[in-house]
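These are the residues of each chain, in order.
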Amino acid sequence: MDLVALEELKRLKYRYLRSLDLKRWAEFETTLAPDATADYGEQLRFGSRAEIVKFMRTWLESDIITVHHCHHPELEIDGSTATGSWCLDDTIIVPEHRLMIRGSAFYEDVYVLGDDGWRIARTGYQRTYESTMSLDDMPSFKLTANRWAAG
């Protein structure tokens, strides 16, 4: 088992999530292979890195807050390719619409090793659950910090 490659793959997935949540689009793009594909559900399928990044940049650029946590990695390496399964817990807060989405899923990834290191070639998940709640239903909920809010 290549322990160095395992650690590199973990760091790659964590960088993908961190750069997504911090909206660091140039860094997010570097986690994906140029011909990467993504399937986040029936309405969210993308055929290239450019499509994935464009969607994320467009839909998450406002004051939407996202937090993605992946854990329990199961990684298999076969030379210059690898596969991985990850448990995802995520929270999305949309202050403009007074909405919070919570969910969990299992990511299934394919990775490729190139001259510049490991990249995600295919990613996607299947939801185990997704819930929505109105922030108006939680009178005590108060957003006290939001680095994305205007002003």
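Presented here is a report on the structure given in the accompanying data block.

### Details of unusual backbone geometry
Part 1: The phi angle at Lys23 is positive, at roughly 60°, despite the residue not being glycine.
Part 2: Position of Lys23 relative to the elements: it lies in the loop between helix H1 (3–21) and helix H2 (25–30).
Part 3: One non-glycine residue, Arg98, adopts positive backbone phi at about 55°.
Part 4: Relative to the helices and strands, Arg98 resides in the loop between strand E4 (81–94) and strand E5 (99–114).

### Brief notes about the nonpolar core
Part 1: With 33 residues, the main nonpolar core has Tyr16, Phe28, Leu32, Tyr40, Ile52, Tyr107 and Tyr111 as its most contacted residues.
Part 2: Sort the elements by how many residues they give to this core and H1 lands first, with seven residues.
Part 3: In this view, Tyr40 contacts Tyr16, Phe46, Ile52, Met56, Tyr107, Thr123, Gly124 and Tyr125; residues no more than four positions away in its chain are not counted.

### Observations concerning helix H3 (residues 49–60)
Part 1: Compared with an ideal rise of 1.5 Å per residue, which puts twelve residues at 16 Å, H3 spans 16 Å between its outermost C-alpha atoms and is within 8% of the ideal.
Part 2: By the burial criterion, the buried members of H3 are Ile52, Val53, Met56 and Leu60. Down the axis of H3, the sector holding all buried residues measures 90°, keeping them to one side. The exposed set on the far side of H3, more than 90 degrees from its buried face, consists of Ala50, Lys54, Thr58 and Trp59.

### Concerning the packing of aromatic side chains
Part 1: According to the stated counting rule, one finds nine aromatic pairs in the structure shown.
Part 2: Taken together, a centroid distance of 6.3 Å and an interplanar angle of 55° make the contact between Tyr40 and Phe46 tilted. In this structure, Tyr40 and Phe46 share a single accessibility class: buried.
Part 3: Measuring from centroid to centroid gives 5.2 Å for Tyr107 and Tyr125, while their planes differ by 85°, and the two rings are edge-to-face. One end of the pair, Tyr107, is in strand E5; the other, Tyr125, is in strand E6 (residues 117–134), and 18 residues separate them in sequence. The burial state of Tyr107 is the same as that of Tyr125; both residues are buried.
Part 4: Ring pairs connect the aromatic residues Tyr16, Trp25, Phe28, Tyr40, Phe46, Phe55, Trp59, Tyr107 and Tyr125, which therefore count as one cluster.
Part 5: The cationic tip of Lys13 hangs over the ring face of Tyr107; the distance from NZ or CZ to the ring centre is 3.3 Å.

### Regarding the pattern of salt bridges
Part 1: As enumerated under the stated definition, the model contains eight salt bridges in all.
Part 2: In this structure, Arg49 and Glu29 form a salt bridge, with 3.7 Å as the shortest nitrogen-oxygen distance. With Arg49 in helix H3 and Glu29 in helix H2, the pair connects residues that are 20 residues apart, well separated along the chain.
Part 3: Note on Glu29: relative accessible area 30%, which makes it partly exposed.
Part 4: One salt bridge in this structure joins Asp90 and Arg127, with 2.8 Å as the shortest N-O distance. On the criterion of sequence distance, the pair formed by Asp90 in strand E4 and Arg127 in strand E6 is long-range, its members being 37 residues apart.
Part 5: Arg127 gets classed as partly exposed once you look at its relative accessible area, which sits at 27%.

### Section: the sheet that holds E4
Part 1: The sheet built from six strands is open, its strands ordered E2-E1-E6-E5-E4-E3 with mixed pairing. Bordering the open sheet on either side are strand E2 (45–46) and strand E3 (65–78), each of which pairs with just one other strand.
Part 2: Along the sheet, H3 makes contact with strand E1 (32–39), E2 and E3, crossing E1 at roughly 65°.

Calculation criteria
- Residues numbered from 1 in each chain as written.
- Predicted model: local features only at pLDDT ≥ 70, side-chain atom pairs only at ≥ 80, totals over all residues.
- Heavy atoms only, no water.
- Helix = DSSP H or I, 4+ residues; strand = E, 2+ residues; numbered from the N terminus.
- Core = buried A, V, L, I, M, F, W, Y, C linked by side-chain atoms within 4.5 Å.
- Buried < 20%, exposed > 50% of the residue type's maximum accessible area, 1.4 Å probe, protein only.
- Contact = heavy atoms within 4.5 Å.
- Expected span 1.5 Å × (residues − 1).
- Arc of directions from axis to C-beta.
- Phe/Tyr/Trp six-rings, centres within 6.5 Å; stacked < 30°, edge-to-face > 60°.
- Lys NZ or Arg CZ within 6 Å of the ring centre and 35° of its normal.
- Salt bridge = Lys/Arg side-chain N within 4 Å of Asp/Glu carboxyl O.
- Pairing = 2+ DSSP bridges.
- Axes fitted to C-alpha atoms, helices over the stretch in contact; angles between N-to-C directions.

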